Structures are given as structure tokens and as C-alpha cells.
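The lines below spell out each chain.
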Amino acid sequence: MISADAVRDFQLTRVPPDFLDDPYPWYAALREHDPVHALEGGGVFLSRYEDAIALYRDPQASSDKKLEFGPKLGDSPLFEHHTTSLVFNDPPLHTRVRRIIMGALNQRAIARMEGDVIRLVDALLDAMAEKRGVNFIDEFAAQIPVEVIGNLLDIPHAERAPLRGWSVAILSGLEPTLTPAMFDNGNRAVTEFVALLKVLIADRRRRPGDLESDVLTRLIQGEKDGEKLSETELYHQCIFLLNAGHETTTNLIGNGLWLLLNHPAEMARLRADPALVASAIEEMLRYDGPIQLNNRRLTAPATFSGKSLPAGTPVTIGIGAANHDPAQFAAPERFDVGRKPNRHVAFGQGDHACAGMNVARMEGRIAFARLLARFPAIELAGAPERDRRIRFRGFRKLPIRVAP
Ligand code: HEM
């Protein structure tokens, strides 16, 4: 176990060298020695499951990020984006936008998406069979969510190529440490994305899509008898939706395969009993989830693990840390594709809980069910390359070889 002394110096802005490869021993030491750990700048880091749940459910915990992002992002396109999207707002804007989006992400809508995802996954697997060796991230994992979200917003296929790069650049603006290059790339991505959306929205106003399934048409029309979103609000909900559903789901699929490759007995168990695919996806999310941090600001005093915090405290929730808490999960370091119960917080909790969790689950289920059914042997074909960020956890490269 990492010592209490080492934990005292832990900061998200300068993590220890071994943290990016494997943050879980650090999370374990934080849970044990300092579950409400002080961060530079006056905030704290929560690592226990019970505290994470309490904060997610605390109605006095604000998601509004204007105070926090002002000094970091200044008056920039990135600031406008991250402070306008629903995830970083409180009611009333949050409630209004969430209701509009949720209407297009219900089980009926998801069931309608499935056929398309199956066709796409099978085509990607055909290409993989032909090549035998691929970068699993670029040539499989990332292809699925971009299609799903592109369809949700009905973005023409010819316009989809830059979407993934924009998404990565914009979300990188949320990392605890931001380099000038990350800041510039993020701002450029927001500006270019807004330019595309202006054209798409003008077109959709002239020719509205299906209100049941087209999120962009829903966002334009607003709630029945309700207030409409402003043009700027509209842009940033669309950008957020693409970002929220894109890199996260790519990393669910990439991290998931990495876990199966590193736990061959669990891979064999899943192959022998394909009905385990749903619980396997939940375990991938718990064990090494795509989002590791969420943030809130207290607007009233609150107490976590016996420590009282004043109003105004910025609080970071360690999602990966909570998901490995032995007080909640039996043998948390065991990767168990049949784990039950598995009440992980990979999708957050409470009012802001992931609006697309069932879309992501559907993509994951189809991807793994068909991948494993198609190839009896899948192996690593080179050194994987991690995407070395703290908030988002995944791979840039995962070279694999498949045998038909
Ligand atoms: C495995 C994939 C995914 C993971 C791990 C994930 C994770 C999360 C988390 C942790 C939050 C909560 C943020 C907070 O409380 O501050 C969130 C919010 C959100 N997610 Fe996801 N997400 C995933 C996929 C998706 C997909 C596919 C979509 C859309 C189709 C989506 C749309 C959203 C939206 C709209 C919110 C904001 C909800 C709100 O503020 O009310 N996500 N997601």
C-alpha cells in the first residue's frame, strides 16, 4: 500500500509517474489514509463510494462551472461551450435541456438504433477479418459511437470526418492541467464545430426531421409550449452530445477489450456464456471506466467521511476510486464478468446521471457480442499506447490480431 506520507503530496495537477498507467493503487491509498483529500486551490478529492453517492445526491451541490472555468479558460470559445452545455449547468437550463434530450434517448428510440449498429459492427468486423491486424481503437471502437451520435443529430456522412478530432480537443480542455496547445486546439475545434452547426441548423429549420428520433429537431423546437433555446445554447448542447457520447463509448469498448485480453479466463467465460455480455459491460465500466472524475461546488456546508466542508468548496469525485471501494464491492480488484450486484458510478448518479447510458450499453453489448462470436482468437499484436490523460481513460492505440 502506498504510504500516508506519499498520499499527503498527491495532486491531480501533477500526478505521480505511475498514476497514468495504473491509478488504482493511489485511489486505494487515498480511500484508506485521506478520503477527503485537500487539493491545491482549496478543493477536495473524494475517493470513497459512500461519499461520492452522497455528493451526487446532494441538491446543494452545483454543477455550474462559470466560477471555476473563468480564470482557466478566460473569454474563449471553450469557456462559452463548457459553461453553456447542460452538464455544467443547474436548473432551470439543465432541467429544460435534459428533458428535451431524454425524449430521444428512451428505450424505444434505442431499440430503433440497434439494426444500424449491428450492420455497422458487422461491416467493421468484415474489414478486420480481411486485414487480420488493426488498431482496435481507430478501426473499430471509435467508429461505432461516431455513427450513433452522427445519426442522432442527423449529421450528413460527408461532414463526419472531423467530429472525432473536435471531440477529443474540446474535452481535453477539461484536464486538470491545460497546455497552450490544448487550449488553442480546443478553441479552434469549438469554432469550427459551431460553423458546421450553423449550416446544419439553418437547414433543419427549413426541413425539420422526425421529432421522435432527431435530437437536433427536438432541440430546435424546444419543449411543447416551453421556452426555446437560444442559438448559442443550441450549438453547445449539440457539441456536448457528440462529445459526451463519443470518446466515452470508444473508451468503454477499447478498455473493455484490454481487460478481456488481460483476463483470459474471464474472456473464455464470456465466450462460453454470451448471455453474460450485459454484466460484462457493467464490469468493464466499473473496473476501468472511461470517465474518472466529476466535479461539483458546494453551495451549502456538507460533511464527508466525518470532515465538514464550507459552502463554496469545489469537490472532485473520484469515480474510479469509488468503483474500487471494498466497502461497496466484494474483491474490487477482481475483474468478474458476472459480478452482481454492481452498482458502479461510471455513469454518475442523481440529476446529472448520464443521459445516454443505455445508448452506450447497447453499443457495448453489440460490439462485444459480435466481436467474440466472429473471432475465436483475438490477441495483442504490438505495444498498446495509452491516452495519457486523467479525467478520460482510454487508449490511442490497441494493436490486435484476429484469427477467423
Ligand atoms: C460508456 C460511455 C459513457 C460514459 C462512461 C458516460 C459518463 C457520463 C457521466 C459520468 C456523466 C455525469 C456527469 C456529471 O454528473 O457531472 C454523464 C453525463 C451525460 N452523458 Fe454520458 N457517458 C457515456 C456515454 C454517453 C452517450 C452515448 C451519450 C449520448 C448519446 C451521453 C450523454 C450524456 C449527457 C447528455 C450527459 C449530461 C446529463 C446531465 O447533465 O443531465 N453519454 N455521462
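Rules used throughout
Residues numbered from 1 in each chain as written. Predicted model: local features only at pLDDT ≥ 70, side-chain atom pairs only at ≥ 80, totals over all residues. Heavy atoms only, no water. Axes fitted to C-alpha atoms, helices over the stretch in contact; angles between N-to-C directions. Helix = DSSP H or I, 4+ residues; strand = E, 2+ residues; numbered from the N terminus. Parallel < 35°, antiparallel > 145°, perpendicular 65-115°, else oblique. Left-handed = near helix turned anticlockwise from the far one by under 90°. Contact = heavy atoms within 4.5 Å. Near = heavy atom within 4 Å. Polar contact = N/O pair within 3.5 Å; in protein donor to acceptor, adjacent residues only side chain to side chain. 1 Å grid on protein atoms, 1.4 Å probe; cavity = no way out; pocket = protein on both sides within 12 Å on 5 of 7 lines; lining within 4 Å. Sits in = over half its atoms within 2 Å of the grid points. Nonpolar A, V, L, I, M, F, W, Y, C, P; charged D, E, K, R; others polar. Core = buried A, V, L, I, M, F, W, Y, C linked by side-chain atoms within 4.5 Å. Buried < 20%, exposed > 50% of the residue type's maximum accessible area, 1.4 Å probe, protein only.

S.K.: Help me understand the packing of helix H11 (residues 180-206) against helix H13 (residues 231-262) in this model?
M.R.: The relative placement of two packed helices comes down to the angle between their axes together with the axis-to-axis distance. Relative to each other, H11 and H13 sit at 110°, their axes nearing to 10 Å. With respect to each other, H11 and H13 are oriented roughly perpendicular. Crossing of H11 against H13: the hand is right-handed. Together, Val190, Phe193, Val194, Leu197, Lys198, Ile201 and Arg205 of H11 and Glu231, Leu234, Tyr235, His236, Cys238, Ile239 and Leu242 of H13 make up the contact between the two elements.

S.K.: What is the right way to look at the site of the ligand in this model?
M.R.: Neighbouring the ligand are 28 residues; His94, Arg98, Arg296, His352 and Cys354 lie closest to it. Arginine 98 is positioned with one of its side-chain polar atoms (N or O) 2.7 Å from an oxygen atom of the ligand. A distance of 2.8 Å separates an oxygen atom of the ligand from a polar side-chain atom of arginine 296. Judged by the fraction of its atoms near the pocket grid, the ligand is located in the largest cavity. Listing elements by their share of the shell around the ligand, those giving two or more residues are helix H6 (93-102), helix H9 (143-152), H13 and strand S5 (293-298). Residue contributions to the shell around the ligand peak at seven residues, all from H13. Here the residues of the shell around the ligand sort into 17 nonpolar, eight polar and three charged.

S.K.: Explain the nonpolar core here, please?
M.R.: Ranked by internal contacts, the top residues of the largest apolar core, which has 90 residues, are Met128, Phe136 and Phe140. Examining the composition of this core, we find that twelve residues originate from one element, H13, more than from any other. Setting aside residues up to four positions removed in sequence, phenylalanine 136 forms contacts with Met128, Ala141, Ile253, Gly254, Leu257, Leu371, Leu398 and Ile400. Counting residues in each nonpolar core, the second largest holds 19 residues, with Ala52, Phe304, Val315 and Ala322 among its members.

S.K.: Got a minute to help me understand the side chain of serine 167 in this structure?
M.R.: Topologically, serine 167 is positioned in helix H10 (residues 163-172). In this structure the side chain of serine 167 is engaged in a polar contact, spanning 3.5 Å, whose partner is the side chain of histidine 246.

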